[in-house]
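# Coordinates in review
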Amino acid sequence: FQAHLQAIQADNSRFPRSRWLDARKVLVVRPGETGPVVDWEVSTSRLAAWLKTEEVPWVVITGYIASTPDGVATTLKRNGSDFSASIFGNLANASSIVIWTDVDGVLSADPRRVPEAIVLGEMSYNEAMELAYFGAKVLHPHTMAPALAKKIHIWIRNSFHPERPGTKILYGRSPTPREHPVTGFSTVDHVALINVEG
């Protein structure tokens, strides 16, 4: 991996004045009840200090990994790569975050059950969280939290088809009027709902 990043640095025609950053040098997390909790103050300070010494326009940062307050290497657990993107988007005060995946964006329903499902052009954070909570494989709410804290828009794009627009997840309500009021459908398999009344 390090050799690959050094090769990117050497290709100045594609990545002029680029550097790679080992996330463990700046990102500090501690264990929490629902997963790793970022130490925002320490991480922000460390990233700012690193950027001052490097002063480059392009930075390639490793995903999924971080350090504990004691300096021990750790991971960001499930969805750690997407979580990394959201964390560093927050730390860098990014204008937007792009999550590259293997689908064209957020779909209105599971295409295995609904062949007519379409890619949604845009949706709100609340809509994305609701769909995720009820079973849709959109983005984990934990991943969205750092971006939401800074009101940063998230794009879901297809790495195999980068020319496709993808889905934009916006802070607040979608500014574009929709033809239908329902955003999408999600399901949770193998769950029975029992209603008991007195």
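In this report, the structure presented in the accompanying data block is examined. (Residues numbered from 1 in each chain as written. Predicted model: local features only at pLDDT ≥ 70, side-chain atom pairs only at ≥ 80, totals over all residues. Heavy atoms only, no water.)

Only a minority of non-glycine residues have a phi that is not negative, and only a minority of peptide bonds are not trans. The phi dihedral of Y64 is positive, around 80°, even though this residue is not glycine. Its location among the elements puts Y64 in the loop between strand 4 (58–61) and strand 5 (65–67). Owing to a relative accessible area of 35%, Y64 belongs among the partly exposed residues under this scheme. (Helix = DSSP H or I, 4+ residues; strand = E, 2+ residues; numbered from the N terminus. Buried < 20%, exposed > 50% of the residue type's maximum accessible area, 1.4 Å probe, protein only.)

In this section: the packing of helix 4 (residues 125–133) against helix 5 (residues 141–149). Viewed as axis vectors pointing N to C, helix 4 and helix 5 meet at an angle of 165°, and their least axial separation amounts to 10 Å. Between helix 4 and helix 5, the interaxial angle falls into the category roughly antiparallel. Like other packed secondary-structure pairs, helix 4 and helix 5 cross with a definite hand, here left-handed. Contact residues: Y125, A128, M129 and A132 in helix 4; P141, M144, A147 and L148 in helix 5. Class assignment of the residues belonging to the contact of helix 4 with helix 5 gives a composition of eight nonpolar, no polar and no charged. (Axes fitted to C-alpha atoms, helices over the stretch in contact; angles between N-to-C directions. Parallel < 35°, antiparallel > 145°, perpendicular 65-115°, else oblique. Left-handed = near helix turned anticlockwise from the far one by under 90°. Contact = heavy atoms within 4.5 Å. Nonpolar A, V, L, I, M, F, W, Y, C, P; charged D, E, K, R; others polar.)

A contiguous nonpolar surface patch, about 450 Å² in accessible area, is contributed by Y133, F134, V188 and V191. Overall, Y133 belongs to the exposed group, its relative accessible area being 63%. (Patch = residues over 30% accessible without salt bridge, like charges linked within 9 Å, V, L, I, M, F, W, Y side chains within 5 Å. Areas by Shrake-Rupley, 256 points an atom, 1.4 Å probe, with all protein chains shown as cover. Salt bridge = Lys/Arg side-chain N within 4 Å of Asp/Glu carboxyl O.)

In the contact formed by helix 2 (residues 40–54) and helix 3 (residues 80–91), the axes pass within 10 Å of each other and the chain directions differ by 70°. For the element pair helix 2 / helix 3, the angle class is roughly perpendicular. On the side of helix 2, the interface is formed by W40, S43, T44 and L47, while helix 3 contributes I87, F88, N90 and L91. The residue makeup of the contact of helix 2 with helix 3, split by class, is five nonpolar, three polar and no charged.

For the rest of this paragraph, the subject is the sheet that holds strand 10 (residues 167–170). Taken in spatial order, the four strands line up as 7-9-10-8 in an open sheet, and their pairing is mixed. Edge positions in the sheet fall to strand 7 (96–101) and strand 8 (122–124), since each of these pairs with one other strand and no more. Between one strand and the next, the sheet's axes are offset by a mean angle of 20°, whatever the strand orientation. Along the sheet, helix 4 contacts strand 8, strand 9 (153–158) and strand 10; its crossing angle with strand 8, the most-contacted strand, is approximately 85°. (Pairing = 2+ DSSP bridges.)

Another aspect to go through is the side chain of S43. With respect to the helices and strands, S43 occurs in helix 2. Classification of S43 as buried rests on a relative accessible area of 0%. There is a polar contact of 3.0 Å between the side chain of S43 and the backbone nitrogen of V28. Once you skip the residues sitting within four places of it in the chain, S43 turns out to touch V26, L27, V28, V38 and L91. (Polar contact = N/O pair within 3.5 Å; in protein donor to acceptor, adjacent residues only side chain to side chain.)

One recurring pattern in soluble globular proteins is that nonpolar side chains are buried together. Ranked by internal contacts, the top residues of the largest apolar core, which has 16 residues, are M123, L139, I154, I156 and I169. When residues of this core are traced back to their parent elements, those giving at least two are strand 7, helix 4, helix 5 and strand 9. A per-element tally of this core places helix 4 first, with three residues. Residues in contact with I169, not counting those within four places in the same chain, are M123, S124, Y125, A128, L139, H153, I154 and I156. Ranked by size, the runner-up nonpolar core spans 14 residues in total, among them W50, A66, L76 and F88. (Core = buried A, V, L, I, M, F, W, Y, C linked by side-chain atoms within 4.5 Å.)

A separate point is helix 2. If you check helix 2, its first and last C-alpha atoms are 21 Å apart, about what 15 residues at 1.5 Å a residue would give, namely 21 Å. For helix 2, the complete set of buried residues consists of S43, L47 and W50. The buried side chains of helix 2 occupy one side of the element, clustering within an arc of 65° when seen end-on. Turned more than 90 degrees away from the buried face of helix 2, the exposed residues are E41, K52 and T53. If you follow the buried residues of helix 2, they end up packed against strand 1 (18–21), strand 3 (37–38), strand 4 and helix 3. Immediately beyond the C-terminal end of helix 2, within one or two residues, lies E55, with a positive phi of roughly 50°. (Expected span 1.5 Å × (residues − 1). Arc of directions from axis to C-beta.)

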